[in-house]
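# Breakdown of the fold
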Amino acid sequence: NLGVTLFIKKCMVGSIKYKNDGSIDFFQLDTEINPSCSGAPLIDPETSKIIGIVGGSFIQNSGKIVYLHNMGIAKPIFSAKDKLEEIKRKNEQKN
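Residues numbered from 1 in each chain as written. Predicted model: local features only at pLDDT ≥ 70, side-chain atom pairs only at ≥ 80, totals over all residues. Heavy atoms only, no water.

With that out of the way, let us pick up the overall build of the protein. Looking only at helices and strands, the protein features 1 helix and 7 strands. Listed N to C, the secondary structure of the protein is β-β-β-β-β-β-β-α in terms of helices and strands. Taken over 95 residues, the protein has a buried fraction of 18%. Within the protein, residue pairs in contact and separated by at least 24 positions form 39% of the contacts whose partners lie at least 6 positions apart. Split by element, the accessible area of the protein, about 7800 Å² in all, is 55% carbon and sulfur. (Helix = DSSP H or I, 4+ residues; strand = E, 2+ residues; numbered from the N terminus. Buried < 20%, exposed > 50% of the residue type's maximum accessible area, 1.4 Å probe, protein only. Contact = heavy atoms within 4.5 Å. Areas by Shrake-Rupley, 256 points an atom, 1.4 Å probe, with all protein chains shown as cover.)

Below you can see the structure in the form of structure tokens.
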């Protein structure tokens, strides 16, 4: 009998990294992210709104994958929404 176990981990956004165009690229979190938590929502406790998607503790830097100790990365939620819209448009064009 397999069940679902929910985990909640409290963390703080330690830094916000921006792209050259001024839009948010990713959030640096002050906690290490377990590999099984990638894809989990990052929730603002004051508003209960999802503000990002946890991406783990790995980043690609100059073609090399770097492990970030005691720090996690989250992408802003609007980047996921934009990607889903892009996929949806491509699928509609195929049909």
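This part takes up the pattern of salt bridges. Within this structure, the stated rule accounts for 3 salt bridges. Note that Asp25 is salt-bridged to Lys75, the shortest N-O span being 3.0 Å. With Asp25 in strand β2 (residues 24–29) and Lys75 in strand β7 (residues 72–76), this residue pair connects regions lying 50 residues apart in the sequence. Residue classification places Lys75 among the partly exposed positions, given a relative accessible area of 35%. A salt bridge links Glu86 to Lys83, with the shortest nitrogen-to-oxygen separation between them at 3.6 Å. Taken together, the residues span about one helical turn, with Glu86 and Lys83 both in helix α1 (residues 77–94) at a distance of 3 residues. (Salt bridge = Lys/Arg side-chain N within 4 Å of Asp/Glu carboxyl O.)

To continue, consider the nonpolar core. Listed in full, the 6 residues of the largest apolar core are Phe27, Leu29, Ile33, Leu42, Val54 and Ala74. In contact with Val54, not counting residues within four places along its chain, are Ile33, Cys37, Ser38, Gly39, Ala40, Pro41, Ile73 and Ala74. (Core = buried A, V, L, I, M, F, W, Y, C linked by side-chain atoms within 4.5 Å.)

With that settled, consider the side chain of Gln28. In this structure, Gln28 sits in strand β2. Note on Gln28: relative accessible area 19%, which makes it buried. Apart from residues no more than four positions distant in its own chain, Gln28 is found in contact with Met12, Val13, Gly14, Ser15, Lys17, Met71, Gly72 and Ile73.

Quick look at a nonpolar patch on the surface now. A cluster of nonpolar side chains, namely Val13, Ile16 and Tyr18, defines an oily patch on the protein surface of about 270 Å² accessible area. Tracing the chain through its elements places Tyr18 in strand β1 (residues 13–18). (Patch = residues over 30% accessible without salt bridge, like charges linked within 9 Å, V, L, I, M, F, W, Y side chains within 5 Å.)

With 5 bridges connecting them, β1 and β2 associate as antiparallel partners. Within β2, the residue paired with Val13 across the bridge is Leu29. Once β1 ends, the chain turns through 5 residues before running back antiparallel as β2, passing Gly22 with a positive phi of about 95°. (Pairing = 2+ DSSP bridges.)

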